[in-house]
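# Tertiary structure, described
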Amino acid sequence: MAVLEIRKLPDPVLRRKAKRVSKIDDSIQRLIDDMIDTMRANNGIGLAAPQVGVPLRVAVIEMPEEEPVALINPVVLKREGEQLLGEACLSFPGYHGEIKRALTVKVKAQDRQGREIRLKGEDLLAQVLEHETDHLNGTLYLDHLESPEALHKVEAAQQT
Ligand code: NI
């Protein structure tokens, strides 16, 4: 297991649409372990594979007080409601922005054993699910800012 380098803007890997994982082999298991280490080393609650330079549809999420979850080929099935909230990203450190996200999000994905899983997230989990699946499509929270005034410089913030 290893802590990997976090890719930051303007690294083009962050803007590419990531590829589906067709086979969950040892290299994917190692990637997931390294992504969890990297997320923890950076105090993150979510991380997407493009953020470590791997253009594959893999994300990890670790909510406070919960076990880490790996999402392979995640798809957002449903979004409901709207919340205005603050967001940050490890790939764009030192900033914090206010954007609108769904209140509840339903996602299906495969877990690291290849089983289909469904997750329903509210509030913070909904935000993280949208943030990480966005990364797999080359989208960053910056793309959701309604105006440049919604972006602020910060000392430290919870980063995903
Ligand atoms: Ni991010």
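This text follows the structure it describes.
What comes next concerns the included structure.

Rules of the game
Once a new chain begins, its residue numbering starts again from 1 and follows that chain's sequence as written. In keeping with the predicted nature of the model, local features appear solely for residues at pLDDT of at least 70, side-chain atom pairs appear and are counted solely at 80 or more, and the whole-chain, interface and lining totals rest on all residues. Where side-chain values are given, they derive from all heavy atoms of the structure, hydrogens and water being excluded. A pair is scored as a salt bridge if a Lys or Arg side-chain nitrogen falls within 4 Å of a carboxyl oxygen belonging to Asp or Glu. Only DSSP runs of H or I with at least four residues qualify as helices, and only runs of E with at least two residues qualify as strands; both kinds are numbered from the N terminus onward. Per-residue accessibility, obtained with a 1.4 Å probe over protein chains only, is compared with the maximum for each type, and a residue is labelled buried under 20%, exposed over 50%, and partly exposed between these values. The span you would expect from a helix comes to 1.5 Å times its residue count less one. One requirement defines pairing of two strands: DSSP has to find at least two bridges between them. Every axis in this analysis is a line fitted to C-alpha atoms, fitted for helices over the stretch in contact. Angles between the N-to-C directions lie between 0 and 180 degrees. By definition in these notes, contact holds between two residues if any of their heavy atoms fall within 4.5 Å.

Turning our eyes to something else, we now look at the pattern of salt bridges. This structure, assessed with the given rule, holds eleven salt bridges. For Glu62, the salt bridge is made with Arg40, and the minimal N-O distance between the two is 2.7 Å. You can see Glu62 sitting in the loop between strand S2 (58–61) and strand S3 (69–80) and its partner Arg40 sitting in helix H1 (residues 26–41), a full 22 residues away along the chain. Taking relative accessible area as the criterion, Glu62 reaches 16% and is therefore assigned buried. By relative accessible area, which is 44% here, Arg40 ends up partly exposed. The salt bridge partner of Arg118 is Glu116, with a shortest N-O separation of 3.3 Å. Each of the two residues, Arg118 as well as Glu116, counts as exposed. A single network of salt bridges, built from pairs that share partners, joins Glu87, Arg101 and Asp134.

Now for helix H2 (residues 123–136). Helix length check: H2, at 14 residues, gives a terminal C-alpha distance of 21 Å against a target of 20 Å (1.5 Å per residue), a fit within 8%. Of all the 14 residues making up H2, twelve are buried; the element is thus mostly covered by neighbouring parts of the structure. Just downstream of H2, Gly138 is the residue with a positive phi angle, here 75 degrees.

We now examine the sheet that holds S3. One open sheet accounts for five strands, arranged S1-S2-S3-S6-S7; its pairing is antiparallel. One side of each edge strand has no neighbouring strand; the edge strands of this open sheet are strand S1 (46–48) and strand S7 (116–122). Ignoring which end each strand starts from, the neighbouring axes of this sheet average 35 degrees apart. Pairing geometry for S1 and S2, over three bridges, is antiparallel. Bridging across to S2, Gly46 finds its partner in Ile61. With respect to the sheet, H2 is in contact with S1, S2, S3, strand S6 (104–110) and S7, its orientation differing from that of S7 by roughly 125 degrees.

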